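Spelled out from the first residue to the last, the chains are:
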Amino acid sequence: MLHHFTPVSPALLFPTPTFAIFFPLVFAAAWALREREVARKWLLLGASYVFYGWWDWRFCFLLLLASLVAWAAGLAQRDGPRKGVVTVAVIALLGILAAFKYYGFFLQSLQDGLFALGLQRDLPFMQIVLPVGISFFTFQAISYVVDVYRREVIAREAPLDVLLYIALFPQLVAGPIVRAADFLPQLERRAELTRAAISVGFTLIAFGLFKKMVVANYLAVDLVDPVFLDPQAQSSLMLLLGTYGYAMQIYCDFSGYSDIAIGTAALLGFHFQKNFDQPYRASSLQDFWRRWHISLSQWLRDYLYIPLGGSRFGTWKTYSNLLTTMVLGGLWHGAAWNFLIWGAIHGAWLATERALGWRGGTGAGRMLGWLVTFHLVCAAWIFFRAADLDVALTMFAGLADFTVGTGELAWFTLVVLFVPFLFQFGPRMLAENVAAKLTAVPLWLAGGAFITAILVIVWLSPPGTAPFIYFQF
Amino acid sequence: MLATRCLAIFLFGLLTLATFQSSAIVTTTYDLPESEMNERVVLLAETWHGWMQELGLAGITEAISEQLEEWREQTIAAT
């Protein structure tokens with residue numbers, strides 16, 4: 001039996017009035033404390049715990065526990081057996097993740113298996129609430145422990161920097177997964193707010209809000225949810241458009257969140273790397289994973305695929321490592337068979353591309369590669385989005401009917417569906433170029449453009465605040 | 001200095017949103033837990049919304065919403 005957990009939505013979401021009041025307060029206090037480095041860090045840490053605790057204060061202890069485990073493991077590596085310390089810390093951190101995220105899935109799967117063997121048993125199910133962002137901050141904690149082991153980062157004697165690295169609110173609940181080696185050096189430098197950083201902040205926040213509040217929300221309400229709720233009632237054309245719609249919805253939702261997170265961090269003086277780079281432009285799945293959720297794919301490469309052996313131990317071992325990494329990457333998203341299938345599809349195709357020597361092609365080959373890659377990714381998204389395997393299989397069966405009714409589809413929805421394609425095939429450095437133009441004009445003009453953009457976005461958005469998809473991970 | 005000017009932009013932005021989204025502010029305050037202070041907040045929000053309605057600014061958001069709803073209802077099948 002497949003199951004989906006109910007996504008939990010923190011009240012302090014980015015596109016809410018509460019956050020719109022919260023952030024300027026934190027911004028003002030953080031820059032007022034610019035010359036007092038330690039106080040500034042404590043302020044940001046406190047604000048981050050307020051941000052996280054706004055949803056449920058009890059899980060702040062979980063966040064604190066994971067952070068302290070990471071910090072202690074860093075410190076213990078100075079005197080103790082380094083490999084042993086890393087092993088214990090990673091097991092502890094993954095154990096916390098597993099307990100909250102996979103306990104129910106494991107028990108349900110076990111019960112289903114026992115039932116299939118005619119061995120009904122009462123198993124100790126518990127209602128476990130999935131803490132928001134647990135997958136993200138667990139991976140960041142592991143990043144610190146392993147980066148210390150690899151001597152890419154010096155273990156911190158005091159816990160403050162490590163606590164702040166793991167809890168900093170812009171990226172806490174849905175990434176990007178920031179590497180310890182990238183972030184901790186920024187805490188050692190004097191905090192600076194530059195015109196360029198302000199422009200980046202304004203641009204990315206506006207881009208992110210547009211993608212999330214306008215595009216993703218309309219696609220969800222008007223196209224994707226109705227199609228996936230009742231696929232049997234849909235024509236093949238609507239199933240196809242619903243699939244494309246989800247591909248664009250999840251891109252706009254997730255990359256929108258990343259944009260807002262990176263922009264907010266820039267306004268606080270921190271630099272986070274880009275997390276999406278026109279992923280649906282890819283003409284191979286290898287290229288797709290260099291463009292989609294870049295921080296996760298790099299994390300999986302550096303902390304899972306390479307330690308497993310990468311491509312160093314022969315062809316079949318390479319394929320096995322690719323499949324294992326992607327299946328575990330799928331399970332990271334959620335404790336359900338459909339995420340496992342999603343990961344397996346990606347792993348199997350990556351291995352296939354490796355076997356065929358396919359690197360994306362040129363000319364007509366590149367076009368074909370794009371067509372195949374985009375539709376493979378969309379097909380895998382069906383498993384990702386569907387409530388269960390039955391819905392996914394019904395979608396595929398319906399697609400093969402080749403019926404063409406448009407049902408309740410509106411022209412407006414079709415236009416909204418088209419917009420994210422512009423982001424994919426438009427200028428690659430669009431956000432950077434806009435930010436550069438904002439830097440070149442007086443600040444009051446840049447601010448005016450930012451406020452106007454926010455107002456237009458709010459006007460265009462449907463009512464209500466839908467949670468970000470990746471909060472459930 | 002730069003931070004101060006940036007903060008001024010945020011505050012002006014909040015004021016702008018409060019001006020044109022006054023009805024959304026009222027709706028948000030209705031969800032607050034019941035207390036004497038929150039009742040005053042609701043009253044303040046309603047008063048502000050009343051002022052924005054008199055100035056005709058609250059109507060802009062409503063007009064745009066209605067137009068978007070109209071577009072969302074124009075199905076391809078019906079055309």
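Analysis parameters
- Residues numbered from 1 in each chain as written.
- Chains lettered and ligands numbered in written order.
- Predicted model: local features only at pLDDT ≥ 70, side-chain atom pairs only at ≥ 80, totals over all residues.
- Heavy atoms only, no water.
- Helix = DSSP H or I, 4+ residues; strand = E, 2+ residues; numbered from the N terminus.
- Rg over C-alpha atoms; globule rule 2.2 N^0.38 Å.
- Buried < 20%, exposed > 50% of the residue type's maximum accessible area, 1.4 Å probe, protein only.
- Contact = heavy atoms within 4.5 Å.
- Areas by Shrake-Rupley, 256 points an atom, 1.4 Å probe, with all protein chains shown as cover.
- Lys, Arg positive; Asp, Glu negative; His and termini not counted.
- Charge placed at Lys NZ, Arg CZ, Asp CG, Glu CD.
- Patch = residues over 30% accessible without salt bridge, like charges linked within 9 Å, V, L, I, M, F, W, Y side chains within 5 Å.
- Salt bridge = Lys/Arg side-chain N within 4 Å of Asp/Glu carboxyl O.
- Buried area = accessible area lost by both parts, 1.4 Å probe.
- Core = buried A, V, L, I, M, F, W, Y, C linked by side-chain atoms within 4.5 Å.
- Domains from an automatic or database assignment.
- Polar contact = N/O pair within 3.5 Å; in protein donor to acceptor, adjacent residues only side chain to side chain.
- Arc of directions from axis to C-beta.
- Bend = angle between axes of the 7 residues up to and from the residue.
- Nonpolar A, V, L, I, M, F, W, Y, C, P; charged D, E, K, R; others polar.
- Axes fitted to C-alpha atoms, helices over the stretch in contact; angles between N-to-C directions.
- Parallel < 35°, antiparallel > 145°, perpendicular 65-115°, else oblique.
- Left-handed = near helix turned anticlockwise from the far one by under 90°.

Caption draft 1: The overall build of chain A, seen in detail. Of regular secondary structure, chain A possesses 20 helices and 0 strands. Relative to the 2.2 N^0.38 estimate, which gives 23 Å for 473 residues, the radius of gyration of chain A is 23 Å and therefore close to what a compact globule would have. Each principal axis of the C-alpha atoms in chain A carries an extent, and together these give about 65 × 60 × 45 Å. Expressed as a percentage of its 473 residues, the buried residues of chain A come to 56%. For chain A, the share of sequence-separated contacts (at least 6 apart) that also reach a separation of at least 24 residues comes to 78%. Per element, the accessible surface of chain A, about 19,700 Å² overall, is 68% carbon and sulfur. In chain A, which carries 32 positive and 27 negative side-chain charges, the distance between the mean positions of the two groups comes to 9 Å.

Caption draft 2: Focus on a nonpolar patch on the surface. Nonpolar side chains collect at one region of the surface, where L368, L371 and V372 of chain A lie side by side and expose about 250 Å² of accessible area between them. Within the secondary structure, L371 of chain A sits in helix 16 (residues 363-385).

Caption draft 3: Main features of the interface of chain A and chain B. In this assembly, 34 residues from chain A lie in contact with 26 residues from chain B. For the pair chain A and chain B, the two sides together bury roughly 2,700 Å², of which 79% comes from carbon and sulfur. Taken as a group, W411, I451 and W459 of chain A account for 24% of the area that chain A buries against chain B, more than any other trio of residues on that side. Counting across the interface, chain A meets chain B through 1 salt bridge.

Caption draft 4: A look at the nonpolar core. Membership of the largest hydrophobic core comes to 163 residues, with the highest contact counts inside it found for F27, Y52, Y144, Y280, W292 and W381 of chain A. Residue contributions to this core reach at least three from each of two domains, namely domain 1 (6-190) and domain 2 (196-283 + 360-472) of chain A.

Caption draft 5: Looking closely at the environment of P442 of chain A. In this structure, P442 of chain A sits in the loop between helix 19 (430-440) and helix 20 (443-460). Put simply, P442 of chain A and R195 of chain A are 247 residues apart on the chain and 9.7 Å apart in space, counted from C-alpha to C-alpha.

Caption draft 6: Here's a closer look at the side chain of Q21 of chain B. With respect to the helices, strands and loops of the structure, Q21 of chain B is situated in the loop between helix 1 (2-20) and helix 2 (22-30). For Q21 of chain B, a relative accessible area of 14% gives the class buried. Apart from residues lying up to four places away in sequence, Q21 of chain B is in contact with V458 and W459 of chain A together with T61 of chain B.

Caption draft 7: Geometry of the environment of T373 of chain A. All names here are of chain A. By secondary structure assignment, the location of T373 is in helix 16. The spatial distance from the C-alpha of T373 to the C-alpha of W349 is 9.4 Å, given a sequence separation of 24 residues. Not counting the four nearest positions on each side in its chain, T373 is found in contact with A282, S283, S284, L285, F288 and E353. A distance of 3.4 Å separates the side chain of T373 from the backbone oxygen of S283, its partner in a polar contact.

Caption draft 8: Up close: the side chain of T203 of chain A. All names here are of chain A. Tracing the sequence through the fold places T203 in helix 10 (residues 195-229). For T203, a relative accessible area of 3% gives the class buried. One polar contact links the side chain of T203 to the main-chain carbonyl oxygen of S199, over a distance of 2.7 Å. Setting aside residues no more than four positions away along its own chain, T203 makes contact with A431, V434, A435 and L438.

Caption draft 9: Structural detail: helix 17 (residues 389-399) of chain A. Residues and elements named next belong to chain A. Buried within helix 17 are the following residues: V391, A392, M395 and G398. Each buried residue of helix 17 sits inside an arc of 130° when the element is viewed along its axis, so together they form one side. Those residues of helix 17 that are buried lie in contact with helix 10, helix 11 (236-267) and helix 16. The distance from a side-chain oxygen at the start of helix 17 to the backbone nitrogen of D390 is 3.1 Å, and the residue carrying that oxygen is D388.

Caption draft 10: Representation of helix 10 of chain A in the model. A maximum bend of about 50° is found in helix 10 of chain A at A220 of chain A. Most of helix 10 of chain A sits out of view: 27 of its 35 residues are buried.

Caption draft 11: Spatial organisation of the domain arrangement of chain A. Residue and element names in this part refer to chain A. Taken domain by domain, chain A comprises domain 1 (6-190) and domain 2 (196-283 + 360-472). Its C-alpha centre places domain 1 at a distance of 27 Å from the equivalent point of domain 2. Taken together, the contacts link 32 residues of domain 1 with 24 residues of domain 2. Of the roughly 2,400 Å² buried at the junction of domain 1 and domain 2 (both faces included), carbon and sulfur atoms supply 76%. On the domain 1 side of the contact with domain 2, F14, P15 and P176 bury the most area, a combined 24% of that side's loss. Taken together, the connections running from domain 1 to domain 2 amount to 3 residue pairs in polar contact (both at pLDDT 80 or more). The set of elements that each furnish at least two residues to the side of domain 1 that touches domain 2 consists of helix 1 (17-32), helix 2 (37-53), helix 8 (169-172) and helix 9 (180-188). A per-class count over the side of domain 1 that touches domain 2 returns 24 nonpolar, 6 polar and 2 charged.

Caption draft 12: Quick look at the packing of helix 2 of chain A against helix 7 (residues 160-167) of chain A. All names here are of chain A. Two elements in contact, helix 2 and helix 7, have axes whose closest approach is 9 Å; the angle formed by their N-to-C orientations is 40°. Compared by their axis directions, helix 2 and helix 7 come out oblique. As helix 2 runs across helix 7, the sense of the crossing is left-handed. Touching V38, K41, W42, L44, L45, S48 and Y49 of helix 2 are L160, D161, L163, L164 and A167, all from helix 7.

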